[in-house]
Amino acid sequence: MTLYHFGNCVTLLYVPHYLTYKYANLSEYGAFWKCIQGGIIYTFTQLCKMLILATFFPANEASITTLSLTNFLKSSVDLADIAGIYVILQSIPGKGHAKVMTAGIGWAGAEILLTRFLLLWVGARGTEFDWKYTQKCLESNINLMHHIMTAALVWLWSRHDLSKLQSKFSPFAAVSILLLLSVYRSVIIDSLAAWLLIDPWSIIAIKGVYTIFLGLIMLKYYTRLSTLIGMY
């Protein structure tokens, strides 16, 4: 029974990433090794973040789910993710679609390999069934959408022709705000969950809605810019 549960969790975790890679037609661009390269950059970025956190934010007894200046500053370390994704995008030749999908999938793939596989191998094969492993897998699928969205936002932010879009509100400012909301997603949702005492399933639902909402706004700018520069 525990092996069956482990198999279900692994399927739920890895199959959506594989299907995203397959149906994004990234194999036509020879993107597999670029995804591996993205995973290496992800690993290096996380190590840098850990060093910064260990140096400037030593462990304390304060809850990481409460909204405070310290936790806000800790979450600001995630700005390094934007730099890491930017490096990946700059190292990938080709169209924006291939760049964004390769960076997003490579980043998400490295995340689940480093943060989820060992957790499932040790925990999901335990003698007692626990829903938290299924929740972690669902959360990873939401993170896949989140990382692809973030990669698209970084790509938009780096485009010099973004300002050519006709809009009442500055497209560059809008994309910058979306990037900040993407970076601070965890501290916003975790603080809200701690304040309202929300259960884990509701937290996953909120993360999904939050990601979809930002993604739809991002898609509006991405589609308009792609049309403007003739990228299909």
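Residues numbered from 1 in each chain as written. Predicted model: local features only at pLDDT ≥ 70, side-chain atom pairs only at ≥ 80, totals over all residues. Heavy atoms only, no water.

Novice: Whenever I open this one, the overall build of the chain confuses me. Can you help?
Specialist: Within the chain one finds 10 helices and 0 strands. Against the 2.2 N^0.38 benchmark of 17 Å for 232 residues, the chain shows a C-alpha radius of gyration of 18 Å, consistent with a compact globule. Considering only C-alpha atoms, the chain reaches an extent of 55 × 45 × 35 Å along its principal axes. The 232 residues of the chain split such that 43% are buried. In the chain, the share of contacts with a sequence separation of at least 24, taken over all contacts with a separation of at least 6, comes to 79%. With an accessible surface of roughly 13,100 Å², the chain has 70% of that area assigned to carbon and sulfur atoms. (Helix = DSSP H or I, 4+ residues; strand = E, 2+ residues; numbered from the N terminus. Rg over C-alpha atoms; globule rule 2.2 N^0.38 Å. Buried < 20%, exposed > 50% of the residue type's maximum accessible area, 1.4 Å probe, protein only. Contact = heavy atoms within 4.5 Å. Areas by Shrake-Rupley, 256 points an atom, 1.4 Å probe, with all protein chains shown as cover.)

Novice: What exactly am I supposed to notice about unusual backbone geometry here?
Specialist: A negative phi angle is the norm for most residues apart from glycine, just as the trans form is the norm for most peptide bonds. Positive phi, close to 60°, is recorded for Asn25, a residue that is not glycine. Topologically, Asn25 is positioned in the loop between helix 1 (2–23) and helix 2 (32–56). For Asn25, a relative accessible area of 39% puts it in the partly exposed group. Even without a glycine there, the phi angle at Leu197 is positive, about 55°. Examined against the element boundaries, Leu197 turns out to sit in the loop between helix 9 (185–196) and helix 10 (200–229).

Novice: Explain helix 3 (residues 69–76) to me, please; I cannot follow it from the model alone.
Specialist: Since one α-helical turn is 3.6 residues long, residues separated by three or four positions face the same way. Looking only at helix 3, the buried set comprises Asn71, Lys74, Ser75 and Ser76. On the buried face of helix 3, the contacting elements are helix 2, helix 4 (79–90), helix 8 (171–183) and helix 9.

Novice: I keep staring at the packing of aromatic side chains and nothing clicks. Help me out?
Specialist: For any two aromatic rings, the description comes down to two numbers: the centre-to-centre distance and the angle of the planes. Applying the stated criterion across every chain yields a total of 5 aromatic pairs. Seen from their ring centres, Trp155 and Tyr222 are 5.4 Å apart, and the 55° between their planes marks the pair as tilted. Of this pair, Trp155 sits in helix 7 (residues 132–158) while Tyr222 sits in helix 10, and the two are 67 residues apart along the sequence. Across the pair, Tyr222 and Trp155 agree in class, each one buried. When the ring centre of Tyr221 is taken as reference, the NZ or CZ atom of Lys220 above it lies at 6.0 Å. (Phe/Tyr/Trp six-rings, centres within 6.5 Å; stacked < 30°, edge-to-face > 60°. Lys NZ or Arg CZ within 6 Å of the ring centre and 35° of its normal.)

Novice: Any chance you could explain the layout of surface pockets here in plain terms?
Specialist: Rolled over the atoms, a probe with the dimensions of a water molecule shows which regions are left empty. Here the second largest pocket defines a volume of roughly 400 Å³. Lining the second largest pocket are 15 residues; nearest its centre among them are Phe32, Cys35, Ile36, Ile105 and Gly109. Counting only elements with at least two residues in the lining of the second largest pocket, the list comes to helix 1, helix 2 and helix 5 (96–115). Tallying contributions element by element places helix 5 first for the lining of the second largest pocket, with 6 residues. When its residues are assigned to classes, the lining of the second largest pocket shows 11 nonpolar, 4 polar and no charged. (1 Å grid on protein atoms, 1.4 Å probe; cavity = no way out; pocket = protein on both sides within 12 Å on 5 of 7 lines; lining within 4 Å. Points joined across faces, edges and corners; volume = space filled by probe spheres on them. Nonpolar A, V, L, I, M, F, W, Y, C, P; charged D, E, K, R; others polar.)

Novice: I'm lost on the environment of Glu111 in this one. Help?
Specialist: With respect to the secondary-structure elements, Glu111 resides in helix 5. Overall, Glu111 belongs to the buried group, its relative accessible area being 15%. When the C-alpha positions of Glu111 and Leu69 are compared, they lie 27 Å apart, and in sequence the two are 42 residues distant. Here His147 takes part through its side chain, which lies 3.1 Å from a polar atom of the side chain of Glu111. (Polar contact = N/O pair within 3.5 Å; in protein donor to acceptor, adjacent residues only side chain to side chain.)

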